[in-house]
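Residue strings, one per chain:
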Amino acid sequence: MFAAFDNFPALLIWLPLIGGLLSFFIKNERSVKAWSLFSSILTLALFAVSLFYTDQKHYALNSVSYVWLPEIGSSFALLLDGMSRILCLLTAVSFPLIFASTYSSSYRNPNAFYGLMLLTQCGLMGVFLAVDALAFYFFWELALIPAYFLVSQWGGERRIQAAFKFFIYTFAGSLFLLIGIIYVYLKTPDQSFSLVSFYQVQLTAGEQGWLFWMFFVAFAIKMPIFPFHTWQPDAYEQSPTAVTMVLSGIMVKMGLFATLRWLIVMFPDAVRQFDNVVIGLSIVGMLYASCVALVQDDLKRLVAYSSIAHIGLMAASVFTLNLLSLQGLLVQMFNHGINIIGLWIVVFLIEKQTGIRKISQLGGLAQKAPALAIMLVIIALANIALPLTNAFVGEFMMFAGLYKFSPWYAAAAGLSIILSAVYTLNMIKNVFYGNLNAVTQGFKEIVLHEGVILAMIVVLIFFVGVYPEPMFNMIRSASEMIIGKFIK
Amino acid sequence: MTKLTYLIPLFPLIGFLVNGLGRRMVPKSVAGLIGSASVLASFILSVLVFMEVRVDGFTAQEVKLFSFIKTAGLDIPFAFQIDQLSSLFLLIITGVGFLIHVYSAAYMHEEEPQHYARYFAYLNLFVFSMLLLVLGANYVIMFIGWEGVGLCSYLLIGYWFKNGDYNDAAKKAFVMNRIGDLGFLLAVFWMIGQFGSTSFGVIFPKVDATAPAVLTGITLLLFVGATGKSAQIPLYTWLPDAMAGPTPVSALIHAATMVTAGIYMIARSNIMYTLAPITPTVVAVIGLATALFAATIAIQQNDIKKVLAYSTVSQLGLMFLGLGVGAYTGAVFHVMTHAFFKALLFLGAGSVIHAMHHEQDIRNMGGLKKHLPITHFTFLIGCIAIAGIPPFSGFFSKDEILMGAFAHSPVLYFIGTFSALLTAFYMFRLYAMTFLGQFRGTQEQQLHVHESPAAMTVPLIVLALLAIVAGFVGVPEVFIKDAHWLEKFLAPVFAASTAKQGEHVVSHSTEYALMGGTVLAILVVMVYALKKFGNYSKTAEPATGFARVLENKWYVDEIYDAVISRPLRGFSVFLNNVMERSVIDGVVNGTGKFIQYSSRQFRWLQSGQVGSYILIMVVATVVFFIIQIFGK
Amino acid sequence: MPINYYIFLAVALFSIGVIGVLTRRNAIIVFMCIELMLNAVNLLLVAFSKMHYANAVTFNPGTTTGAEAQLFVFFIMVVAAAEVSVGLAIIVMMYRNIHSVDINFLNRLKH
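Here the structure is a predicted model, which is why all the values come from computation and not from measurement.

So, the overall build of chain A
Piece 1. Check the secondary structure of chain A and you find 20 helices and two strands.
Piece 2. Against the compact-globule benchmark of 23 Å for 488 residues, chain A has a radius of gyration of 21 Å, which places it among compact chains.
Piece 3. Across its three principal directions, the C-alpha atoms of chain A cover 70 × 55 × 45 Å.
Piece 4. A separation of at least 24 residues holds for 83% of the contacts in chain A among residues at least 6 apart in sequence.
Piece 5. Surface accessibility of chain A: about 15300 Å² in total, with carbon and sulfur atoms responsible for 69%.
Piece 6. Separation of charge centres in chain A, based on 26 positive and 22 negative side chains, amounts to 7 Å.

Structure below.
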C-alpha cells in the first residue's frame, strides 16, 4: 500500500502531512515557524516541478491509486488534472505566503498551531486531488477538523461560539453529502466509489432532484452562498488572520471545486431543472452581501462579506454551463484566492500595529505607510476587477457566460460591481486617507519582508491580468471535458 | 512604423514605473523630466504615425501583440488599430498631454519630492490608459483603457489625500464611472453573443445584417457608458466635484482627454449608431439637454474651476448632439478644438490660482489684467474661441455641429444656439470678473501676485496659438470649396455611415444667414457680459429665487443623495441588522435552540421513576400486540 | 368447562395485577400484585394443560400431552418465591433507612 510515492499527487499530500506531524514535536517557536515555512515552500517547489510534466505521456506521474477498501469498492485514488492543478497551485502558493506574512506574530503553543495549519494544507490538497468519492469525503472532513481547532483555540473573544457554529453547520451539510454519496454508490454499475463510475451512474430525474440538493446543500454551506452564509462572517472575524486566509482563500474553493467535479456531471437533468433557482440565489446573495458590506464597520467583516459576493458570482457561473464562464471560473478561483489573501495580509498588518479593526477608528494611514497604502489600493482594486488585474479576466468571462445564459441575470449581477466599488473605496478612504488620529499616530511603515510578500502578490496580479494565457492552458482541457460530458 | 506602435503607450508606462517605484530616490527635477519626456517621445512617435496615415489611400491596420483571452468561440487579442481616427486622437492626447506635463512641473513645485514623483507617475499612467483606449482594436482593450482612465482620475482627484472632501469627490467620480461601465460591459457581452467577437474588424462589417432592435440595445448600453465617462445627464455630477484635484489634472483629464473617451467610442462605433433606429435621437436629445442644463448652472457659479467644469459638461453635450445628428466629423473636430481651448482655459485658471495663492473664488479676484499679462491674453483668446467667434477655432467646430443639427431639425439648432449664447455669457462673465475691474483680493495677495514662470506660460501660448489656427483644418464648404481637410482625412472612418445617411443639404444662403445671426448674437451677449461684470463689486446679498436654484446646481446632488444614497444605506442597515441577525441567523440559531429545547423535553422521559418506565413498557407491549393482531 | 372461562379469569387476574403494579404506592401491595400476575399465568398454564390432555386422551389414552405446562408452573412458582424473598429483603432494608414503603420515594435511579 505504501509503495507508490514516486508521483506528484501522493507527494503533494504526504509532504504537508509529514511536515505538520513533525511540527507538533518542535517546541521552539522560531524553529517551528521556520520549519513550517520551509515545508510549505518545499511543497510549492514540488508543485512547480510537476508543472513540467503535465502532458499526456506523463500521466503515470500525475495519478495514483492505493488499495484501500476493496471490499466496498473504494480505492485511495488521486489525480492531478487541469482542474485540480490550478487549485493545488493556489494551495501551494498560498501557504508560503500565509506563513511568511504572519511570521512576526506569536501564537501560544506554536507547535500545535503550525502543525494544524500544515494538516489543513494536507486535507485541502487531498480534496482537490481525490477521484474516489470516499477518499474525497475523507479529505473533506480532514480539512475541516484542524480548522475547528485553529479557530477555537487561537481566535478572538467569541471564538468558541464562532468555531462551534462553523463546525456544526458545515458538518451537518457534510452529512447530507455522505448520504448522497452512499446512495449514488449503491446505484453505480460496478459498486465502486471511483469518480469514473460515479460519472456513469444512470439516475432517474426524481432521484437526481433530491440527490442534487443533498450534494448541493453541503457545497453551498461550504462556499458559502446565500442563505447558508451566516457562519462565515463570525468565523472569519473571530479566527486569527492566518487561519482566515486559509478559510477564505482556499477552503471556499472546496465547495466550488466539488460542485464542478462531482455535482454537475452526475446530475445533468437536475442541474438543468434547478439552474435558475441556484443562479437566482447566488445573484441575490451577491447583491445582499454587497449591500451589507456597505455598512460594516469591522474590517474583517467587510472583507468577509465582499468574499461572499465574489463567490456568489462564481457559483452562478458554474450553473450557466458554457465554456466561457467555466474557464473564467477556474481561472478566477486562483485569482480570488490570491487577491483575498493579499487583502487579509493588509488587514493583518494593520491589526498587528494598531490592534483595532474598526474602520471608524482608523484613518490617515497613507501618511505614515505609503507603501502599504499603495499595495492595498492595488489589491483592493484587483478585488473589484479593475482591468489589467487578474480578477478582470476571470470576472469578464464569467459575466459574459452569465449574459449568454440570461442578460437580465447579468445585468442584476452587474450591479454588484458598482456596490463593490463603493464599499471598497469607502474602506480605503476611511482607513488610509483623511487625517491621522490618536490610534494611528504611531503607525510605522511596513518592513521589507512584508513589503516583498505584498509586492509578489501585486506582481502576480498584474502578470495574470495582462497575460492570462498560461492559466488558460492549464485548465482548458478540464473545462472542455466538463462541458463535453454535459452536452452528451 | 506601425509595427512600432506599441512603443507609444510603452513610454508613458515606463515613465509611470520609474517615477512610481523610484519616487523616493528621484529628485523633483528629474521626475518632471522623465514624466514630460516620456510623453514627448510618444508625441514624436504619434507624429510619425500620423505622417504615415495621412497618405492618401491608407487603410486601417491592426497590430496584434499577443493573445489576451482565447477560448472556444471567443478570441480577444491584445491588438492596436491604427487608422485616421486613432492617429488624430493620439496627436491630441500626447500633444496636449506633453504641454500639461511641462506646465505641471512648475505648478506642482510646492509638493514634496515623493509626492511630486507620485503626481507624475499618476499622470503618466493616465496617458498610458488613454492611449490604450484610443489604440485598442477591440472593445475589450478599449474597456481596459476606459477603466484605467477612471482609475487614474480617482487617483489624481484624490491626490491631496489628507482632505476628506477631495477623497469623497474622487470616490464619487469612480463610482459614477463604474455605473456607466456596467452599461458598457453589458453592451460588450451582447456583442459577444451577437457577433462572436469584440474586434472592430469583425463587428462592423456584420452590422448591416443585424436586427435594428439589437443595434438599438447595444448602442444604448454603450451610450450609458459614455454618459458616465463623458459626464452627461444623469451621470455628470462627478465632474464639477472633480475640480478638487490639481488644476493641470482638470485640464488634462476633465477637459481634453478622458471625458472625450465617450465621444471617441461613439465615433469609432459610428456605423452602429447610424443604423440603430432610436439611439441617435436619444444621444442628441441627452447631449442637448446636458448642454443647456450645464450652461444654466455655469452662469451662477463663483468658483473659477467650477465654471470651467460646467462649461466642459456643456461642450461635451454639444459634441454628443453632433454625434446624434450624424455629424461625426463635426463632433471629432470639436473634440480637437475643445481640447485646445479648454486646456488653455484650465491652465490659465491654474496660473491665476497660482498667482492668487490658491484663491479660487472669482468674486475675490479682479483687475488681474495688468498683473498677469500673458495669462490674461491667452485666457481671452480661449474665451473668444469657446464662445464661437470667428475666425477662432471654436467657431468652425461649433458651427459644423449646429449646421448638422439644423439639417435634422431646426428646434435642435435653436436650443443649441441658445446654449452657445449662454456659453458666451458665462465665459465672458468669468473673464470680466477675473481680469477686469478693480482688484478685490486681500492686501497679502496683491503684494504677491505675479506672472507665472515660463514653464507655465509657454504651454499657454502654444495652446492659444492652436486655439486660433486649429479651426482652419475644417473650413466648411460655404466659405471655401473643398477646404475641409479634416473631413477628407476622417472620411474612411465614417465612410460606411456617410453612405447610409441621407444628404442633408442646407442651402448656402440659409447657412450664411444662420451663421451670421448666431455670431452677431454672440457678440451682443459678449458685450453685455463685459459691460455687466466689467466693474464688478462685491455685493453681500445672497442669490435669491431662481438664481439660487442655479447656484445650487438645481439641487441635483441633493436629489441623488436623497433618492439613491440614503435609501441604499438605509436598506443596507436594515439588511445587516434585521435580515442578517434576526431572520437568517435566527433560523440557524433557532435550529440549534430548537434541538436543545427538544432534548430538554426528551430528558423528562428519563425521570428515574421506575413506575413510569413500567407503564411505558406495558403500553408498548399492548400496542405491539394490537399491531400484530389487527395489522395483518 | 369451556376454556374461555379460564382465559377470562386469568386475563382478569393479570390485568388487576398490572394495574395494581402501576397504580399502587405501597411497595408490599405492588409485590402482591406481581404475585397475582404470576399466579394468573399459572392458572392459565394449568387450564391449557388440562385442555390439551382432554383433547388428546380420546385418541390416545396414556398420553402425556400438557405435562410440560404443569412443569412450567413449578418453574414459575420457584422464581416467584425467589423473587419475593429477595424483594422483601430489599424492602425491609429500605424501610430501615427511610421508614417508608412508598415507591414514589424510591426514585433514586435518577440520581
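Some details on helix H12 (residues 268-294) of chain A
Piece 1. In a regular helix each residue adds 1.5 Å, so 27 residues correspond to 39 Å; H12 of chain A covers 37 Å between its end C-alpha atoms and thus fits that length.
Piece 2. Phenylalanine 274 of chain A marks where H12 of chain A bends most, by close to 55 degrees.

Comments concerning the pairing of strand E1 (residues 63-69) of chain A
All names here are of chain A.
Piece 1. Here E1 runs beside strand E2 (residues 74-79); their pairing, made up of six bridges, is antiparallel. Within E2, the position partnered with serine 65 by the bridge is alanine 77.
Piece 2. Linking E1 to E2, which pair antiparallel, is a turn of four residues; within it glycine 73 sits at a positive phi near 80 degrees.

Focus: the side chain of lysine 429 of chain A
Piece 1. Turning to its location among the elements, lysine 429 of chain A is positioned in helix H18 (residues 407-432).
Piece 2. Given the relative accessible area of 18%, lysine 429 of chain A is considered buried.
Piece 3. In contact with lysine 429 of chain A, other than residues within four places in its own chain, are Gly434 of chain A together with Gly164, Asn167, Asp168 and Lys171 of chain B.

Digging into the packing of aromatic side chains
Piece 1. Counted under the stated rule, the structure contains 79 aromatic pairs over all chains.
Piece 2. Judged by centre distance (5.7 Å) and plane angle (35 degrees), the rings of tyrosine 431 of chain B and phenylalanine 435 of chain B are tilted. On the criterion of helical spacing, the pair formed by tyrosine 431 of chain B and phenylalanine 435 of chain B is a turn pair, its members being four residues apart in helix H18 (residues 410-435). As far as the burial class goes, tyrosine 431 of chain B and phenylalanine 435 of chain B line up, both buried.
Piece 3. Joined through ring pairs, the aromatic side chains of Phe392, Phe396, Phe399 and Tyr403 of chain A together with Tyr139, Phe143, Trp146, Phe184, Phe189, Phe200 and Phe204 of chain B make up one cluster.
Piece 4. The ring of tyrosine 103 of chain A has lysine 33 of chain A sitting right over it, with the charged end atom 5.6 Å from the ring centre.

Brief notes about the arrangement of the chains
Piece 1. In this assembly two pairs of chains touch, with chains A and B having more contacts than any other pair.
Piece 2. Taking C-alpha atoms as the reference, chain A and chain C come no closer than 30 Å and do not contact one another.

Description of the confidence of the model for chain C
Piece 1. Residues with a pLDDT of 70 or more make up 95% of chain C, whose mean pLDDT is 88.
Piece 2. The ipTM for the predicted assembly is 0.90, set against a pTM of 0.87.

Brief notes about the pattern of salt bridges
Piece 1. Following the criterion strictly, the structure yields 22 salt bridges over all chains and no others.
Piece 2. In this structure, glutamate 469 of chain A and arginine 476 of chain A form a salt bridge, with 3.3 Å as the shortest nitrogen-oxygen distance.
Piece 3. Owing to a relative accessible area of 14%, glutamate 469 of chain A belongs among the buried residues under this scheme.
Piece 4. The salt bridge involving arginine 25 of chain C is made with aspartate 102 of chain C; its shortest N-O contact spans 3.2 Å. One end of the pair, arginine 25 of chain C, is in the loop between helix H1 (3-23) and helix H2 (27-57); the other, aspartate 102 of chain C, is in the segment after helix H3 (67-98), and 77 residues separate them in sequence.
Piece 5. One continuous salt-bridge network, built from bridges that share partners, spans Arg158, Lys165, Asp234, Glu237, Asp298, Arg301, Glu351 and Arg357 of chain A.

Thresholds applied
Residues numbered from 1 in each chain as written. Chains lettered and ligands numbered in written order. Predicted model: local features only at pLDDT ≥ 70, side-chain atom pairs only at ≥ 80, totals over all residues. Heavy atoms only, no water. Helix = DSSP H or I, 4+ residues; strand = E, 2+ residues; numbered from the N terminus. Rg over C-alpha atoms; globule rule 2.2 N^0.38 Å. Contact = heavy atoms within 4.5 Å. Areas by Shrake-Rupley, 256 points an atom, 1.4 Å probe, with all protein chains shown as cover. Lys, Arg positive; Asp, Glu negative; His and termini not counted. Charge placed at Lys NZ, Arg CZ, Asp CG, Glu CD. Expected span 1.5 Å × (residues − 1). Bend = angle between axes of the 7 residues up to and from the residue. Pairing = 2+ DSSP bridges. Buried < 20%, exposed > 50% of the residue type's maximum accessible area, 1.4 Å probe, protein only. Phe/Tyr/Trp six-rings, centres within 6.5 Å; stacked < 30°, edge-to-face > 60°. Lys NZ or Arg CZ within 6 Å of the ring centre and 35° of its normal. pLDDT = per-residue confidence, 0-100. Salt bridge = Lys/Arg side-chain N within 4 Å of Asp/Glu carboxyl O.

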